[in-house]
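Next come the chains, spelled out residue by residue.
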Amino acid sequence: MKTEEIRNLSIEDLKAKIAEEQKALEQLEMTHAISPIANPIEIRNARKLVARLKTILTEKQKQQ
């Protein structure tokens, strides 16, 4: 998900997307702990996406 797409989301949509992505990240980490996944860079990308979502959410909340 690109930064511009994230910025176009509302605060409620951002919160929902953060919860969804955190759950997916948790699942990836659990799967990787049990047996190594083919592409472990997916975990890093998921963590960065969650961080990006949280950063933009904070920016939007400060604007209000």
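Everything numeric in this text was worked out from a predicted model, so none of it was measured.

Asker: So what exactly am I meant to see when it comes to the confidence of the model for the chain here?
Answerer: This prediction gives the chain a mean pLDDT of 95; 100% of its residues lie at or above 70. Looking across the chain, the model is least confident in helix H1 (residues 3-7), with a mean pLDDT of 93, and most confident in helix H2 (residues 11-34), with 97.

Asker: I would appreciate a short explanation of the side chain of Glu21 in the present structure.
Answerer: The topology assignment puts Glu21 in helix H2. Look at Glu21 and you get buried, because its relative accessible area is 14%. Every residue in contact with Glu21, bar those within four places of it in the chain, is listed here: Leu49, Val50 and Leu53.

Asker: Looking at this structure, how should I read the side chain of Lys17?
Answerer: The residue Lys17 is located in helix H2 in this model. If near-sequence neighbours (up to four positions away) are discounted, Lys17 is found in contact with Met1 and Leu53.

Asker: In this structure, what is going on with the UniProt feature "coiled-coil region" (unreviewed entry) in the chain? I would like to understand it.
Answerer: The feature "coiled-coil region" (unreviewed entry), as given by UniProt, occupies residues 11-63 in the numbering adopted here. Note that residues 11-63 is 89% helix and 0% strand, and that its end C-alpha atoms are spaced 11 Å apart.

Asker: Sorry if this is basic, but what is going on with the pattern of salt bridges here?
Answerer: Between side chains of opposite charge, pairing is possible as soon as their charged atoms come close. Within this structure, the stated rule accounts for 3 salt bridges. A salt bridge links Glu59 to Arg7; the shortest N-O distance between them is 2.7 Å. Of this pair, Glu59 sits in helix H3 (residues 41-63) while Arg7 sits in helix H1, and the two are 52 residues apart along the sequence. Look at Arg7 and you get partly exposed, because its relative accessible area is 37%.

Asker: Can you walk me through the nonpolar core in this structure?
Answerer: Nonpolar side chains in soluble globular proteins tend to end up buried together. Membership of the largest hydrophobic core is limited to 9 residues, which are Ile6, Leu9, Ile11, Leu14, Ile18, Leu49, Leu53, Ile56 and Leu57. Elements represented by at least two residues in this core include exactly H2 and H3. Ranked by residues supplied to this core, first place goes to H3 with 4 residues. Setting aside its immediate chain neighbours within four residues, Ile6 contacts Met1, Leu14, Leu49, Arg52, Leu53 and Ile56.

Asker: Just checking my understanding: could you explain the packing of H2 against H3 for this structure?
Answerer: When two helices pack together, you describe them by how their axes are tilted relative to each other and by the distance separating the axes. Viewed as axis vectors pointing N to C, H2 and H3 meet at an angle of 160 degrees, and their least axial separation amounts to 9 Å. Here H3 runs roughly antiparallel to H2, going by the angle between their axes. The handedness of the crossing between H2 and H3 comes out as left-handed. For the pair formed by H2 and H3, the contact residues are Ile11, Leu14, Lys15, Lys17, Ile18, Glu21, Gln22, Leu25, Leu28, Glu29 and His32 on the first element and Glu42, Ile43, Ala46, Arg47, Leu49, Val50, Leu53, Lys54, Ile56, Leu57, Lys60 and Gln61 on the second.

Conventions and cut-offs
- Residues numbered from 1 in each chain as written.
- Predicted model: local features only at pLDDT ≥ 70, side-chain atom pairs only at ≥ 80, totals over all residues.
- Heavy atoms only, no water.
- pLDDT = per-residue confidence, 0-100.
- Helix = DSSP H or I, 4+ residues; strand = E, 2+ residues; numbered from the N terminus.
- Buried < 20%, exposed > 50% of the residue type's maximum accessible area, 1.4 Å probe, protein only.
- Contact = heavy atoms within 4.5 Å.
- UniProt positions renumbered as here; feature names shortened; annotations may be inferred.
- Salt bridge = Lys/Arg side-chain N within 4 Å of Asp/Glu carboxyl O.
- Core = buried A, V, L, I, M, F, W, Y, C linked by side-chain atoms within 4.5 Å.
- Axes fitted to C-alpha atoms, helices over the stretch in contact; angles between N-to-C directions.
- Parallel < 35°, antiparallel > 145°, perpendicular 65-115°, else oblique.
- Left-handed = near helix turned anticlockwise from the far one by under 90°.

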